[in-house]
There are 2 protein chains.
Amino acid sequence: MREFGIGLLGLGTVGSGVLKGLQENGEVLAERLGAKLVVRKIADIDLSKAKNLNIDPAIMTTDAYSVINDPKIDIIVELIGGMGPAKEFILKSLKLKKPVITANKALLANNGSEIFETACANNTDICFGASVGGGIPIIRVLREGLIANKVESMYGIVNGTCNYILTKMGQDGMTFEAALKEAQAKGYAETNPSFDIDGIDSQHKTTLLSSLAFGLYFPVKDVSVSGIRDVTERDMRFASELGYTIKLLAVIKSGKEVEARVHPTLIPKTSPLAAVNGVFNAIMVNGDMTGRSIYYGRGAGQMPTAATVLADVCEVVRNIMAKSPLRMKPIPGAHNDLKIKPVESIETRYYLRLSLMDRPNVMATVTSIFGKHGISLASVLQKELKAGKYVTVLIITHTAKEKNIQTALEEINSLDVVGSKSVMFRIEDI
Amino acid sequence: MREFGIGLLGLGTVGSGVLKGLQENGEVLAERLGAKLVVRKIADIDLSKAKNLNIDPAIMTTDAYSVINDPKIDIIVELIGGMGPAKEFILKSLKLKKPVITANKALLANNGSEIFETACANNTDICFGASVGGGIPIIRVLREGLIANKVESMYGIVNGTCNYILTKMGQDGMTFEAALKEAQAKGYAETNPSFDIDGIDSQHKTTLLSSLAFGLYFPVKDVSVSGIRDVTERDMRFASELGYTIKLLAVIKSGKEVEARVHPTLIPKTSPLAAVNGVFNAIMVNGDMTGRSIYYGRGAGQMPTAATVLADVCEVVRNIMAKSPLRMKPIPGAHNDLKIKPVESIETRYYLRLSLMDRPNVMATVTSIFGKHGISLASVLQKELKAGKYVTVLIITHTAKEKNIQTALEEINSLDVVGSKSVMFRIEDI
């Protein structure tokens, strides 16, 4: 049976998951694939990891290039992450016509264009199945399973950390801070959680998802993002009373200008995505032929992510065996000059939470501002009188232009009858 | 751009969906694929369909072999269905080394062994993505996305007709007969609904799913099946009171002997599959690496199914362009001599509905029979006194051996204090 040499860059959680997966399922994989996968070299800055993981120290090195350049290495698996040296390692591998598997969404979202072009120019595969959705094969589904569809829209819960925090806030009434602390204690959130809770990780994934959906490579900066720091447990409760839950959602919509954005979003409690709780992820795809389909599973974690990395290794091995490298372009299509619509230009429904002085005529003043900007209100709900002089007013709008909402809120925020700053979340009726 | 000639056998619902899909999305597909797909010939017994569908009558024929043998036809799409001539058409095509795409689960479940062997012997692809799950790319997910996993279990709602009927019974309290009638009126059920409601269609799909899960070809007769005719609206209500809903479920479990069966099943209302309603399908896969993942979408219908057929066409075209036919075997693996456990040997929990005379000592007699057979009861609930002398008794057992349950029920049914025959449904705590 033919053997394929794998060079592993980065022996962190997922990297050691790949080793473990090959140990446990290597035989089954060989039978399914008709080829044997062997990790022949591992590069990591910390050589002491070899001991804990029971790895022959002879195959460990701190020099990634000695792995990449080794003629016995057929395939490079990059699991270092981050922008740093990973990019150079990947480019070097591709130039040597060695296929690369990576889960590095940050790098691909920021430098995908260069990396994908290098792959194509060298007729070499770059697979990134584990960069979105962890164990959920959503990248493969978009590239192959749904290929006959024009994607009309996609909605994704793609960050398990945020979903865990929001789930805890919604189900147990925890504050954001308490839920974050719990997530950190359980290892679901980093000590510096900004990357997750400010939506950056989701932004990277949304960039990749929208690129695959529409067949061209979008710049990450065009994907607007807001994280979950502004969501309070009161908003979760109010949303629930109105029939909604709040999720950090990747929203992608087709159109003359497409939409691709990440923000806390009210979705109906009856939506299938509302039931996606804890660290689980799910991506809903609405295609013109297939209609709605949903892909649910573990969006992160050692073994789920490693399983997707290994599926990519199999893909690449099949291509090598068939002598058909780059059987599919990294982003199939690239057939148009679509752009992402600025978020100011979108139209949707809104949840607004205002803090208003409990005085005659205040409500009339506020509602007239909305009216002036063409914003029609679906419901207005005055909540409890807080200690002091301010009442909380919840507003759900009909479909309105974001620009108008922003202008109206600015105007309202400048009134002297307004207490704390108004809060705005978008609604998607999915 | 290279063109590929498709020969379409069968111009029914899905066949005309394939034509429609190519009309609407042919350009996008060509860009994604780097090749153009052209339906060059269509065989159907009814030539008049050409007119209604605006098809050039010159490409229509009643002679399928004239399509198969045409040197301008590169790929055969078989959408006739059924066992009849479809098998001979497929075998002939494969022997001519023309790749075949089919959605014919009945044929594959019954004759897959011969068909898959012929494909392998002729180094030619047979793709059957649309045979399970309609628009849900579950076949592709199992063959590729989850390939690194050992499948531990799978649970599938794979028949939209049954799921529609059970949903109506559960949500609206309709009788089975009324729900079936409504399904027929909406075109979700055939005039002769036996194929769906007796579970045959699900049995075929379960055969294919379990073959893919475990990498060998199981005989369809080893997959035990019971349909939904015995589910009453009372059972739906009782199940709901106990915290369950009833679904026709494909149940697949790994083991020294594997399990593969189809039957009405109580699942907790909190299960993600409990929320799969109407004609939608969903398949839950529990893999040793990926953990739980779920695939949800339209399990039937013209365009969803056509989309999956076209995805298979793309797969085959890529293999032709790369000169790598049979890049993957139809059933990857075939590495063992696993067998399906007879249903009598399974162990699970059970829901039992007994009709017992309202007389002293009856309950003691019945429960002692369960005790004698080593069946431990988790809950016993006496329901309303029906007109007359019988009361309904609901029992949920702890895990028990099916053989013991069957023996105990036979014994109970022979008691003269029993009214109508006892009803038994299996429970899966998913």
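Bear in mind that the values here come from a model prediction, so they are computed numbers and not experimental data. (Residues numbered from 1 in each chain as written. Chains lettered and ligands numbered in written order. Predicted model: local features only at pLDDT ≥ 70, side-chain atom pairs only at ≥ 80, totals over all residues.)

A. Representation of the packing of helix H5 (residues 105–121) of chain A against helix H10 (residues 200–214) of chain A. All names here are of chain A. Running from amino to carboxyl end, H5 crosses H10 at an angle of 55 degrees, the nearest separation of the two axes being 9 Å. In terms of their interaxial angle, H5 and H10 are classed as oblique. When you trace H5 past H10, the crossing you get is left-handed. Residues Lys105, Ala106, Leu108 and Ala109 of H5 form the contact with H10, whose participating residues are His204, Lys205, Thr207 and Leu208. Each residue belonging to the contact of H5 with H10 can be placed in one class, and the counts come to four nonpolar, two polar and two charged. (Axes fitted to C-alpha atoms, helices over the stretch in contact; angles between N-to-C directions. Helix = DSSP H or I, 4+ residues; strand = E, 2+ residues; numbered from the N terminus. Parallel < 35°, antiparallel > 145°, perpendicular 65-115°, else oblique. Left-handed = near helix turned anticlockwise from the far one by under 90°. Contact = placed C-beta atoms within 7 Å. Nonpolar A, V, L, I, M, F, W, Y, C, P; charged D, E, K, R; others polar.)

B. View of unusual backbone geometry. Residues and elements named next belong to chain A. Despite not being glycine, Asn54 shows a phi value in the positive range, around 60 degrees. Residue Asn54 is classed as exposed on the basis of its C-beta count, with 8 C-beta atoms lying within 10 Å. One non-glycine residue with positive phi stands out, namely Lys323, at about 50 degrees. Its location among the elements puts Lys323 in the loop between helix H12 (302–321) and strand S13 (347–357). Residue Lys323 is classed as exposed on the basis of its C-beta count, with 9 C-beta atoms lying within 10 Å. (Buried ≥ 20, exposed ≤ 12 C-beta atoms within 10 Å, placed from the backbone.)

C. Main features of helix H11 (residues 233–241) of chain A. All names here are of chain A. Every buried residue of H11 is listed here: Asp235, Met236, Phe238 and Ala239. Around the axis of H11, the buried residues are gathered within 170 degrees of arc, so they sit on the same side. Contacts from the buried residues of H11 go to helix H7 (160–172), strand S9 (244–253), strand S10 (259–268), S13, strand S15 (390–397) and strand S17 (423–427). (Arc of directions from axis to C-beta.)

D. The domain arrangement of chain A, seen in detail. Residues and elements named next belong to chain A. Domain annotation of chain A identifies domain 1 (3–127 + 302–321), domain 2 (138–298) and domain 3 (343–427). Taking the mean C-alpha position of each, domain 1 and domain 2 sit 28 Å from one another. The interface is formed by nine residues belonging to domain 1 together with eight residues belonging to domain 2. At eight residues, H5 tops the list of elements feeding residues into the side of domain 1 that touches domain 2. Residue composition of the side of domain 1 that touches domain 2, grouped by class: five nonpolar, three polar and one charged. (Domains from an automatic or database assignment.)

E. Up close: the interface of chain A and chain B. Between chain A and chain B, the contact holds 48 residues from the first and 48 residues from the second. Elements represented by at least two residues in the side of chain A that touches chain B include exactly helix H1 (13–33), helix H6 (138–145), strand S12 (291–298) and H12 of chain A. Here S12(A) runs beside strand S12 (residues 291–298) of chain B; their pairing, made up of three bridges, is antiparallel. Opposite Ile294(A), over in S12(B), you have Tyr296(B) as the bridge partner. (Pairing = 2+ DSSP bridges.)

F. Representation of the sheet that holds strand S3 (residues 60–61) of chain B. All names here are of chain B. In spatial order, the strands read S3-S2-S1-S4-S5-S6; together these six strands make up an open sheet with parallel pairing. Strand pairing shows two members of the sheet lacking a second neighbour, S3 and strand S6 (126–127), which therefore form its edges. Here two bridges tie strand S2 (residues 36–43) to S3, and the two strands are oriented parallel to one another. Bridge pairing in S3 links Ile42 to Met60.

G. A look at the relation of the copies chain A and chain B. With an RMSD of 0.0 Å, the fit of chain A onto chain B corresponds to turning through 180 degrees and sliding 0.0 Å along the axis. When the rotation and shift are considered jointly, the pair of chain copies conforms to a two-fold rotation axis. Among all residues of chain A, the one whose C-alpha sits closest to the rotation axis is Tyr295(A), at a distance of 2.5 Å. Of all interface residues in chain A, 100% are interface residues in chain B too; the two copies therefore contact each other through one and the same surface. (Least-squares fit on C-alpha atoms with pLDDT ≥ 70 in both.)

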